[in-house]
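Listed below, chain by chain, are the residues.
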Amino acid sequence: ETGVTQTPRHLVMGMTNKKSLKCEQHLGHNAMYWYKQSAKKPLELMFVYSLEERVENNSVPSRFSPECPNSSHLFLHLHTLQPEDSALYLCASSLGPAGGKTYEQYFGPGTRLTVT
Amino acid sequence: GDSVTQMEGPVTLSEEAFLTINCTYTATGYPSLFWYVQYPGEGLQLLLKATKADDKGSNKGFEATYRKETTSFHLEKGSVQVSDSAVYFCALRKEVGQFYFGTGTSLTVIP
(Lines give C-alpha, C1' and ligand atoms only; values in the text may rest on other atoms or scores of the structure.)
Protein backbone atom coordinates (compact mmCIF):
# COMPACT_ATOMS: atom_id res chain seq x y z
CA GLU A 1 0.00 0.00 0.00
CA THR A 2 1.22 3.47 -0.76
CA GLY A 3 0.02 6.96 0.03
CA VAL A 4 -2.95 7.51 2.31
CA THR A 5 -5.59 4.82 2.63
CA GLN A 6 -9.00 5.04 4.24
CA THR A 7 -11.46 2.35 5.28
CA PRO A 8 -14.26 1.79 4.78
CA ARG A 9 -14.88 3.62 1.52
CA HIS A 10 -18.62 3.68 2.12
CA LEU A 11 -20.55 3.49 5.37
CA VAL A 12 -24.25 3.61 6.13
CA MET A 13 -25.16 3.86 9.78
CA GLY A 14 -28.19 4.55 11.90
CA MET A 15 -28.33 7.41 14.34
CA THR A 16 -27.83 5.10 17.31
CA ASN A 17 -24.89 3.15 15.91
CA LYS A 18 -21.23 3.42 16.82
CA LYS A 19 -18.68 3.07 14.08
CA SER A 20 -15.09 4.07 13.35
CA LEU A 21 -13.30 5.38 10.31
CA LYS A 22 -9.70 4.41 9.80
CA CYS A 23 -6.89 6.23 8.05
CA GLU A 24 -3.38 5.00 7.44
CA GLN A 25 -0.50 6.81 5.80
CA HIS A 26 2.57 5.14 4.34
CA LEU A 27 4.51 8.32 3.61
CA GLY A 28 6.50 8.79 6.78
CA HIS A 29 4.55 11.92 7.65
CA ASN A 30 4.02 13.08 11.21
CA ALA A 31 0.94 15.29 10.91
CA MET A 32 -2.54 13.95 10.14
CA TYR A 33 -5.88 15.63 9.55
CA TRP A 34 -9.60 14.89 9.36
CA TYR A 35 -11.78 16.94 7.01
CA LYS A 36 -15.50 16.90 6.31
CA GLN A 37 -16.60 17.57 2.74
CA SER A 38 -20.25 18.37 2.21
CA ALA A 39 -21.89 19.36 -1.05
CA LYS A 40 -21.81 23.10 -1.81
CA LYS A 41 -19.71 23.84 1.28
CA PRO A 42 -16.01 24.56 1.80
CA LEU A 43 -13.82 21.79 3.07
CA GLU A 44 -14.12 21.77 6.86
CA LEU A 45 -11.08 21.00 8.94
CA MET A 46 -12.15 18.88 11.91
CA PHE A 47 -9.00 17.74 13.69
CA VAL A 48 -5.24 18.08 13.37
CA TYR A 49 -2.64 15.84 14.96
CA SER A 50 1.04 16.59 14.95
CA LEU A 51 3.47 14.05 16.34
CA GLU A 52 0.43 12.16 17.70
CA GLU A 53 -0.74 15.13 19.76
CA ARG A 54 -3.96 16.91 18.92
CA VAL A 55 -3.09 20.49 18.02
CA GLU A 56 -6.38 21.71 16.64
CA ASN A 57 -10.05 20.95 17.12
CA ASN A 58 -12.31 23.27 15.22
CA SER A 59 -15.31 23.14 17.53
CA VAL A 60 -16.41 19.75 16.32
CA PRO A 61 -19.38 18.14 18.11
CA SER A 62 -18.45 15.54 20.70
CA ARG A 63 -20.21 12.81 18.72
CA PHE A 64 -16.99 12.80 16.66
CA SER A 65 -14.01 11.51 18.61
CA PRO A 66 -10.54 11.26 17.02
CA GLU A 67 -7.75 8.95 18.01
CA CYS A 68 -4.15 8.94 16.84
CA PRO A 69 -2.29 5.97 18.35
CA ASN A 70 0.86 6.57 16.28
CA SER A 71 2.06 8.76 13.45
CA SER A 72 0.80 6.35 10.77
CA HIS A 73 -2.75 5.80 11.97
CA LEU A 74 -5.72 8.03 12.61
CA PHE A 75 -9.23 7.06 13.60
CA LEU A 76 -12.50 8.91 13.79
CA HIS A 77 -14.97 7.32 16.18
CA LEU A 78 -18.60 8.09 15.48
CA HIS A 79 -21.59 7.76 17.79
CA THR A 80 -25.18 9.03 17.83
CA LEU A 81 -24.71 10.91 14.59
CA GLN A 82 -27.31 13.10 12.90
CA PRO A 83 -28.45 12.98 9.26
CA GLU A 84 -26.64 16.28 8.62
CA ASP A 85 -23.39 14.48 9.40
CA SER A 86 -23.72 12.62 6.10
CA ALA A 87 -20.73 13.68 4.03
CA LEU A 88 -17.41 12.59 2.59
CA TYR A 89 -14.80 12.35 5.34
CA LEU A 90 -11.28 12.89 4.13
CA CYS A 91 -8.06 12.06 5.88
CA ALA A 92 -4.82 13.80 4.99
CA SER A 93 -1.22 13.76 6.13
CA SER A 94 1.76 16.05 5.71
CA LEU A 95 5.47 16.07 6.26
CA GLY A 96 6.92 18.03 9.09
CA PRO A 97 5.17 19.41 12.13
CA ALA A 98 2.02 21.40 11.63
CA GLY A 99 4.10 24.54 11.41
CA GLY A 100 5.74 23.86 8.04
CA LYS A 101 4.04 26.08 5.44
CA THR A 102 5.67 24.63 2.34
CA TYR A 103 4.58 21.08 3.01
CA GLU A 104 1.55 20.02 1.05
CA GLN A 105 -1.06 17.61 2.30
CA TYR A 106 -1.67 14.20 0.81
CA PHE A 107 -5.27 13.02 0.90
CA GLY A 108 -6.89 9.64 1.13
CA PRO A 109 -9.86 8.72 -1.10
CA GLY A 110 -12.36 9.44 1.63
CA THR A 111 -15.17 7.59 3.36
CA ARG A 112 -18.65 8.34 2.08
CA LEU A 113 -20.84 8.36 5.21
CA THR A 114 -24.61 8.22 5.13
CA VAL A 115 -26.52 8.57 8.38
CA THR A 116 -30.06 7.26 8.25
CA GLY B 1 -9.22 36.09 8.97
CA ASP B 2 -7.34 34.07 6.40
CA SER B 3 -9.39 32.79 3.50
CA VAL B 4 -9.43 31.70 -0.11
CA THR B 5 -12.04 32.75 -2.67
CA GLN B 6 -12.55 30.85 -5.91
CA MET B 7 -14.71 31.59 -8.88
CA GLU B 8 -18.01 29.80 -8.68
CA GLY B 9 -18.73 27.00 -11.06
CA PRO B 10 -19.67 24.92 -12.69
CA VAL B 11 -17.45 25.62 -15.66
CA THR B 12 -18.13 23.83 -18.93
CA LEU B 13 -15.63 23.97 -21.78
CA SER B 14 -15.12 22.26 -25.08
CA GLU B 15 -12.04 20.13 -25.54
CA GLU B 16 -8.92 22.18 -26.42
CA ALA B 17 -10.39 25.37 -24.98
CA PHE B 18 -8.36 27.67 -22.71
CA LEU B 19 -9.05 27.36 -19.00
CA THR B 20 -8.81 29.97 -16.26
CA ILE B 21 -10.07 29.39 -12.74
CA ASN B 22 -9.67 32.46 -10.57
CA CYS B 23 -8.42 32.29 -7.01
CA THR B 24 -7.73 35.15 -4.64
CA TYR B 25 -6.63 34.95 -1.05
CA THR B 26 -6.63 36.95 2.15
CA ALA B 27 -3.80 36.30 4.55
CA THR B 28 -1.23 38.08 6.63
CA GLY B 29 2.38 37.18 6.10
CA TYR B 30 3.63 35.03 3.26
CA PRO B 31 1.57 31.90 2.79
CA SER B 32 2.24 29.04 0.41
CA LEU B 33 -0.42 28.55 -2.25
CA PHE B 34 -1.71 25.30 -3.72
CA TRP B 35 -4.07 23.93 -6.32
CA TYR B 36 -5.64 20.55 -5.65
CA VAL B 37 -7.78 18.48 -8.01
CA GLN B 38 -10.49 16.00 -7.03
CA TYR B 39 -11.62 13.44 -9.58
CA PRO B 40 -15.01 11.76 -9.09
CA GLY B 41 -15.01 9.30 -6.21
CA GLU B 42 -11.50 10.21 -5.09
CA GLY B 43 -9.74 12.37 -2.55
CA LEU B 44 -7.88 15.58 -3.32
CA GLN B 45 -4.57 15.39 -5.16
CA LEU B 46 -1.96 18.10 -5.23
CA LEU B 47 -1.80 19.62 -8.71
CA LEU B 48 0.78 22.35 -8.17
CA LYS B 49 2.10 24.78 -5.59
CA ALA B 50 4.06 27.99 -5.14
CA THR B 51 5.77 28.95 -1.91
CA LYS B 52 6.74 32.59 -2.48
CA ALA B 53 5.75 35.62 -4.49
CA ASP B 54 6.31 35.42 -8.27
CA ASP B 55 6.82 31.65 -8.15
CA LYS B 56 5.08 29.74 -10.91
CA GLY B 57 3.78 26.28 -10.16
CA SER B 58 3.19 23.93 -13.08
CA ASN B 59 2.12 20.35 -13.65
CA LYS B 60 0.33 18.37 -16.40
CA GLY B 61 -0.02 21.51 -18.53
CA PHE B 62 -1.57 23.53 -15.70
CA GLU B 63 0.12 26.67 -14.42
CA ALA B 64 -0.46 29.23 -11.68
CA THR B 65 1.63 32.24 -10.66
CA TYR B 66 1.78 33.57 -7.10
CA ARG B 67 0.90 37.27 -7.44
CA LYS B 68 1.32 39.05 -4.14
CA GLU B 69 0.36 42.45 -5.52
CA THR B 70 -3.07 41.16 -6.53
CA THR B 71 -3.24 38.39 -3.89
CA SER B 72 -4.09 35.93 -6.63
CA PHE B 73 -3.14 32.44 -7.78
CA HIS B 74 -5.21 31.82 -10.90
CA LEU B 75 -5.09 28.38 -12.49
CA GLU B 76 -4.63 28.19 -16.27
CA LYS B 77 -4.31 25.55 -18.95
CA GLY B 78 -3.92 26.25 -22.62
CA SER B 79 -5.85 23.28 -23.98
CA VAL B 80 -8.13 21.22 -21.76
CA GLN B 81 -8.98 17.57 -22.27
CA VAL B 82 -11.99 15.52 -21.28
CA SER B 83 -9.82 13.85 -18.65
CA ASP B 84 -9.38 17.23 -16.90
CA SER B 85 -13.02 17.13 -15.80
CA ALA B 86 -12.85 17.35 -12.01
CA VAL B 87 -13.27 19.74 -9.09
CA TYR B 88 -10.38 22.14 -8.50
CA PHE B 89 -9.55 23.60 -5.10
CA CYS B 90 -7.31 26.54 -4.32
CA ALA B 91 -5.67 26.51 -0.89
CA LEU B 92 -3.21 28.41 1.24
CA ARG B 93 -1.05 27.48 4.16
CA LYS B 94 0.74 29.77 6.59
CA GLU B 95 3.63 29.19 8.93
CA VAL B 96 1.30 28.15 11.73
CA GLY B 97 0.30 25.27 9.52
CA GLN B 98 -3.44 25.26 8.99
CA PHE B 99 -4.69 24.88 5.43
CA TYR B 100 -7.48 27.08 4.11
CA PHE B 101 -9.39 25.75 1.11
CA GLY B 102 -11.69 27.44 -1.35
CA THR B 103 -15.12 26.02 -2.06
CA GLY B 104 -13.96 24.25 -5.21
CA THR B 105 -14.75 24.85 -8.88
CA SER B 106 -16.29 22.06 -10.90
CA LEU B 107 -14.96 21.73 -14.45
CA THR B 108 -16.61 19.67 -17.16
CA VAL B 109 -14.88 19.31 -20.52
CA ILE B 110 -17.04 18.10 -23.39
CA PRO B 111 -15.65 16.44 -26.52
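For the structure itself, look to the data block above.
Notes on the structure in this doc start here. (Residues numbered from 1 in each chain as written. Chains lettered and ligands numbered in written order. Predicted model: local features only at pLDDT ≥ 70, side-chain atom pairs only at ≥ 80, totals over all residues. Heavy atoms only, no water.)

The subject of this paragraph is the state of the cysteines. Summed over all chains, the structure comprises 2 disulfides over all chains. Across a sulfur-sulfur distance of 1.9 Å, C23(A) and C91(A) are joined as a disulfide pair. On the sign convention where negative is left-handed, the bridge of C23(A) and C91(A), at about -75° about the S-S bond, is left-handed. Of the two residues, C23(A) is situated in strand 3 (residues 18-25) and C91(A) in strand 9 (residues 87-94); the sequence distance between them amounts to 68 residues. Take C23(A): its relative accessible area is 0%, and that puts it in the buried class. C23(B) shares a disulfide with C90(B); S-S distance 1.9 Å. When the S-S torsion is -70°, as for the bridge of C23(B) with C90(B), the disulfide is left-handed. Taken together, the residues C23(B) in strand 4 (residues 23-26) and C90(B) in strand 10 (residues 86-93) connect sequence positions 67 residues apart. (Disulfide = S-S within 2.5 Å. Helix = DSSP H or I, 4+ residues; strand = E, 2+ residues; numbered from the N terminus. Buried < 20%, exposed > 50% of the residue type's maximum accessible area, 1.4 Å probe, protein only.)

On to the sheet that holds strand 7 (residues 64-70) of chain A, then. All names here are of chain A. In spatial order, the strands read 1-3-8-7; together these 4 strands make up an open sheet with antiparallel pairing. Bordering the open sheet on either side are strand 1 (4-7) and strand 7, each of which pairs with just one other strand. Taken pair by pair, the neighbouring strands of this sheet meet at an average axis angle of 20°, ignoring direction. As paired elements, strand 7 and strand 8 (residues 73-79) share 5 bridges and run antiparallel to each other. Residue pairing across strands places E67 opposite F75, the latter belonging to strand 8. (Pairing = 2+ DSSP bridges. Axes fitted to C-alpha atoms, helices over the stretch in contact; angles between N-to-C directions.)

Here the focus is the packing of aromatic side chains. One pass over the full model with this rule turns up 13 aromatic pairs over all chains. An angle of 55° between the planes, with centres 5.6 Å apart, marks the rings of Y36(B) and F101(B) as tilted. Of this pair, Y36(B) sits in strand 5 (residues 32-38) while F101(B) is found in strand 11 (residues 99-101), placing the two residues 65 residues apart along the sequence. Ring centres of F62(B) and Y88(B) lie 5.6 Å apart, and the angle between their planes is 40°; this geometry places the pair in the tilted category. Taken together, the residues span a long stretch of sequence, with F62(B) in strand 8 (residues 62-65) and Y88(B) in strand 10 at a distance of 26 residues. With respect to burial, F62(B) and Y88(B) carry one shared label: buried. Pairwise contacts between aromatic rings join Y33(A), Y35(A), F107(A), F34(B), Y36(B), F99(B) and F101(B) into one cluster. (Phe/Tyr/Trp six-rings, centres within 6.5 Å; stacked < 30°, edge-to-face > 60°.)

Bringing the layout of surface pockets into the picture now. Its boundaries defined by the atoms lining it, the largest pocket holds a volume of some 770 Å³. For the largest pocket, the lining is made up of 30 residues, of which Q37(A), A39(A), K40(A), V87(B) and F89(B) are closest to its centre. Counting only elements with at least two residues in the lining of the largest pocket, the list comes to strand 10 and strand 12 (105-110) of chain B. A per-class count over the lining of the largest pocket returns 11 nonpolar, 13 polar and 6 charged. (1 Å grid on protein atoms, 1.4 Å probe; cavity = no way out; pocket = protein on both sides within 12 Å on 5 of 7 lines; lining within 4 Å. Points joined across faces, edges and corners; volume = space filled by probe spheres on them. Nonpolar A, V, L, I, M, F, W, Y, C, P; charged D, E, K, R; others polar.)

Attention now moves to the environment of E56(A). Turning to its location among the elements, E56(A) is positioned in strand 6 (residues 53-57). As a C-alpha pair, E56(A) and P8(A) span 48 residues in sequence and 24 Å in three-dimensional space. In this structure, E56(A) is in contact with L45(A), M46(A), F47(A), V48(A) and Q98(B), ignoring residues within four places of it in sequence. (Contact = heavy atoms within 4.5 Å.)

The subject of this paragraph is the side chain of S38(A). All names here are of chain A. Within the secondary structure, S38 is located in the loop between strand 4 (31-37) and strand 5 (44-50). Overall, S38 belongs to the buried group, its relative accessible area being 14%. With sequence-adjacent residues up to four places away left out, S38 is seen in contact with E44, S86 and A87.

Listed per partner, the contact involves 24 residues of chain B and 25 residues of chain A. Together, the buried faces of chain B and chain A total about 1700 Å²; carbon and sulfur atoms form 49% of this surface. Scanning the region where chain B abuts chain A turns up 1 salt bridge. For E104(A), the salt bridge identified is with K49(B), shortest N-O distance 2.7 Å. Linking chain B with chain A are 6 residue pairs in polar contact (both at pLDDT 80 or more). (Buried area = accessible area lost by both parts, 1.4 Å probe. Salt bridge = Lys/Arg side-chain N within 4 Å of Asp/Glu carboxyl O. Polar contact = N/O pair within 3.5 Å; in protein donor to acceptor, adjacent residues only side chain to side chain.)

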